[in-house]
Amino acid sequence: MATLADDTRALLARRVVDAMRTAFGDSAAQDPKLTPATRPDFGDYQCNAAMALSKKLRVRPRDVAASILNELDVSDVCDQPSIAGPGFINLTLSDTFVNAKLAAMLADRARLAVPKRPDPSRVVVDFSSPNIAKDMHVGHLRSTIIGDTLARILEFLGHTTIRLNHTGDWGTQFGQLITYMKSECPELLQENGPTDTAAARIGDLVEFYRMAKARFDADPDFKSAALAEVVQLQKGNPDTRRAWNLICDLSRIEFQKIYDRLDIRLTERGESFYNPFLKDIVTLLEEKGLAVESDGATVVFLEGNKFKGRDGKPLPVIVRKSDGGFLYATTDLAAVKYRTGVDEADRIVYVTDVGQSLHFQQIFAVARKAEILPEQASLEHVPFGLVQGEDGKKFKTRSGAVPKLSELLDEARDRVRAELEKRAADEAAQAAANGEDAPERRSEDELARMSEVIGIAAVKYADLKNNRTSNYKFSFDKMVKLEGDTAPYIMYAFARVQGIYRTASAATGLQGNAELGAVGFTFEKPEERALAKILLRLPEVLSELERDLLPHVLCEYVKNITSRFNQFYEQCPVVHAETPELQKSRLALCQISADTLQLCLGLLGIPTLQQI
Ligand code: ARG
């Protein structure tokens, strides 16, 4: 018997595999190729297993399909399956099954009958990870938004996530910064004063670094002082460390402002954290015979074409430079060991731009070969494409500068505000033309609050809705529109669904899931069944996200729910439904639709507003 908590697609796939095994033996129990139907007249799911099996068995695909059907028992889930075309098996969910699933969703408003995983994992999500004293740029913004959504989804499914900010808080830039600080504002190093005094004195840290670097390039004395300072930092000289801490704190204050606005929770564990472990990692690689000397440096060579350069020569992974310094790769290897060892992670996902793909492939290969990575643990790079301007070139502000993230969020907020004001003005004009009272005006506070919330949501959604592996064209004009595939539209659609539910439940006197759940669902019009079926797909959409880590799949799901809801609402009166049963059934569909939208938007990191 199907449990209601099951993911329907996975359940049917298991049943088909069982039937394939019974019909043709163990060797035939392969991928059942079960997918959502490509056309409604094919039912809800289609199974293409017969084609592949037919080649193997040398039996006509239609006959293979017939033999599978003979053994297939899905009567608790589907109507009688049918064979179509050359040998597709079409599966249509039965109304009884749909009814039972919907009732379970109705009874569980918080989780909509999506169970937590019985065998949860510990997942490290390594995301955001900007570099201290350098700009947090649009690439870091993408990583922050995508990583947060993935963490939210995994957490909802019951996994324990460790959200790590692998900040670039170590490296030669600190030698320059500290030396510059000692020369320009030595007073900051004396006291343990509040960071805001330092912030006021230093101003823009990125600009401060630019000046330090210019001095480094121009002044040989400064240069040698800065290099000596790096050594002091590594040795743990207290003065140098204090200066380093101050600089990191100043960056943190700026990063935190962005995280607060985006509602992001992260634990900072920067590169410096792994310093004590770097030497041992290199020793381990040497002992395993993987690391060798090359021109004074210590390197690891990997087999395989992907680790060869354009000239066909192997690309070594450098783990220690000839001057004894360690590298980005060494730190990442130490991090794999720490995260799988101390944090006991079984899965580590790294959310960075696609430009770092080779780096991660190398790290993963070395970690596996050196057995730094336990057998059962997995490492996954979650790459994303570049952020481009509307012209397809590198994203810049109008003045041609690299955009500051805070200014970018401000602009989204201001543009949303303009859209909201424009719409309010249109509505007022319309009312005046019709001789009606002017609609109530929003208070300044409310307008400001809504613009911020919707503006942030617009930036998030515009990013998440694209397949992350492609480049993404950043367009303020498109993302803030109240129409189309945008956050403002989706948020508005949610408010509407919620409003329809509220009005209808007040008008009918039916409230809450207890009363609604008492009645079975009736599907009088095709739009009702179509809406029900998309709502039912929630568990399998989430399973797909858990596996593939592609947030746009969730955006598409949300969009599909809103459009099916609109079609339903156009065709199916709720308050004025023909019978009390139909009224209840439709009202319950409104409630589940609103709850599902709210849940999915929450997983995308987008709050819902009751009114827009
Ligand atoms: N700080 C790096 C950058 O800005 C990203 C770090 C990603 N995480 C990692 N474990 N390497 O490109």
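Residues numbered from 1 in each chain as written. Predicted model: local features only at pLDDT ≥ 70, side-chain atom pairs only at ≥ 80, totals over all residues.

Visitor: Can you help me understand the overall build of the protein in this one?
Guide: Within the protein one finds 23 helices and 14 strands. Taken along its principal axes, the extent of the C-alpha atoms in the protein is 90 × 75 × 40 Å. Long-range pairs, those at least 24 residues apart, make up 73% of the contacts in the protein between residues at least 6 apart in sequence. (Helix = DSSP H or I, 4+ residues; strand = E, 2+ residues; numbered from the N terminus. Contact = placed C-beta atoms within 7 Å.)

Visitor: It is not clear to me how the site of the ligand should be interpreted in this structure. Could you clarify?
Guide: Around the ligand, the neighbouring residues are Asp126, Ser129, Pro130, Asn131, His166, Gly168, Asp332, Ala335, Tyr350 and Thr352. Every element with two or more residues in the shell around the ligand is listed here: helix H13 (328-341) and strand E11 (347-353). Here the shell around the ligand is built from residues that sort into three nonpolar, five polar and two charged. (Near = placed C-beta within 6 Å. Nonpolar A, V, L, I, M, F, W, Y, C, P; charged D, E, K, R; others polar.)

Visitor: Quick question: what am I supposed to make of the confidence of the model for the protein here?
Guide: Per-residue pLDDT for the protein averages 93, and the proportion of residues at 70 or more is 98%. Across the interface, the model reports ipTM at 0.99; the global pTM reads 0.95. (pLDDT = per-residue confidence, 0-100.)

Visitor: Looking at this structure, how should I read the sheet that holds strand E5 (residues 122-126)?
Guide: What holds strands together in a sheet is hydrogen bonding between their backbones, with the strands either parallel or antiparallel. Taken together, five strands build an open sheet; the order of strands is E7-E6-E5-E11-E12 and the sheet is parallel. Bordering the open sheet on either side are strand E7 (267-268) and strand E12 (378-384), each of which pairs with just one other strand. In terms of strand pairing, strand E6 (residues 160-165) meets E7 through two bridges, oriented parallel. Bridge assignment links Leu164 to a residue of E7, and that residue is Thr267. Sheet strands touched by helix H14 (residues 357-369): E11 and E12. Its angle to E12, the strand with the most contacts, is close to 180°. (Pairing = 2+ DSSP bridges. Axes fitted to C-alpha atoms, helices over the stretch in contact; angles between N-to-C directions.)

Visitor: Looking at this model, I keep getting lost on the sheet that holds strand E10 (residues 317-320). Mind explaining?
Guide: The three strands lie next to each other as E8-E9-E10, forming an open sheet whose pairing is antiparallel. Across the chains shown, the open sheet's two edge strands, defined by having one partner strand only, are strand E8 (291-294) and E10. Strand-to-strand, the axes of this sheet are offset by a mean angle of 45°, without reference to chain direction. Direction of pairing for E8 relative to strand E9 (residues 297-300): antiparallel, over a ladder of four bridges. Note that in E9 the partner of Val292 across the bridge is Val299.

Visitor: When you look at the UniProt feature "domain: Arginyl tRNA synthetase N-terminal" (unreviewed entry) in the protein in this model, what are you seeing that I'm missing?
Guide: Cross-referencing UniProt, the feature "domain: Arginyl tRNA synthetase N-terminal" (unreviewed entry) maps to residues 10-93 in the present numbering. Summarising residues 10-93: 42% helix, 15% strand, and an end-to-end C-alpha distance of 14 Å. (UniProt positions renumbered as here; feature names shortened; annotations may be inferred.)

Visitor: It is not clear to me how the domain arrangement of the protein should be interpreted in this structure. Could you clarify?
Guide: One widely used convention gives an interface's size as the accessible area the parts lose upon coming together. As far as domains go, the protein holds domain 1 (8-93), domain 2 (95-119 + 483-612), domain 3 (173-263) and domain 4 (272-384). Between domain 2 and domain 4, the C-alpha centre-to-centre distance is 46 Å. (Domains from an automatic or database assignment.)

Visitor: Mind showing me how you'd approach helix H2 (residues 49-57) here?
Guide: Because the α-helix completes a turn every 3.6 residues, residues three or four places apart line up on one side. All buried positions along H2 are accounted for by Ala49, Ala50 and Leu53. Buried residues of H2, seen end-on, are gathered within an arc of 80° and therefore sit on one face of the element. Looking at the buried residues of H2, the elements they touch are helix H1 (8-24), strand E2 (45-47), helix H3 (61-71) and strand E4 (88-91). Arg58, located one to two residues past H2, shows a positive phi value of around 55°. (Buried ≥ 20, exposed ≤ 12 C-beta atoms within 10 Å, placed from the backbone. Arc of directions from axis to C-beta.)

Visitor: Hey, could you run me through the environment of Pro374 in this one?
Guide: With respect to the helices, strands and loops of the structure, Pro374 is situated in the loop between H14 and E12. It is 20 Å that separates the C-alpha atoms of Pro374 and Arg547, two residues lying 173 residues apart in sequence.

Visitor: So what exactly am I meant to see when it comes to the pairing of E9 here?
Guide: Within a regular strand, side chains alternate between the sheet's two faces. Between E8 and E9, which pair antiparallel and follow one another directly, the connecting turn spans two residues, one of which, Asp295, has a positive phi of 50°. Inspection of the sheet shows E9 paired to E10 by three bridges, in the antiparallel sense. The residue bridging Val300 from the neighbouring strand is Val317, located in E10.

Visitor: Help me understand the nonpolar core in this model?
Guide: A general tendency of soluble globular proteins is for nonpolar side chains to be buried together. Within the largest apolar cluster, 134 residues are counted, with the highest numbers of intra-cluster contacts made by Val16, Ile68, Ala458 and Tyr461. Apart from the residues lying within four places of it in its own chain, the contact partners of Tyr461 are Thr486, Ala487, Ile490, Cys555, Leu604 and Ile606. Formed by 22 residues, the second largest nonpolar core is a distinct cluster that contains Leu177, Tyr180, Ala226 and Trp244. (Core = buried A, V, L, I, M, F, W, Y, C linked by C-beta atoms within 7 Å.)

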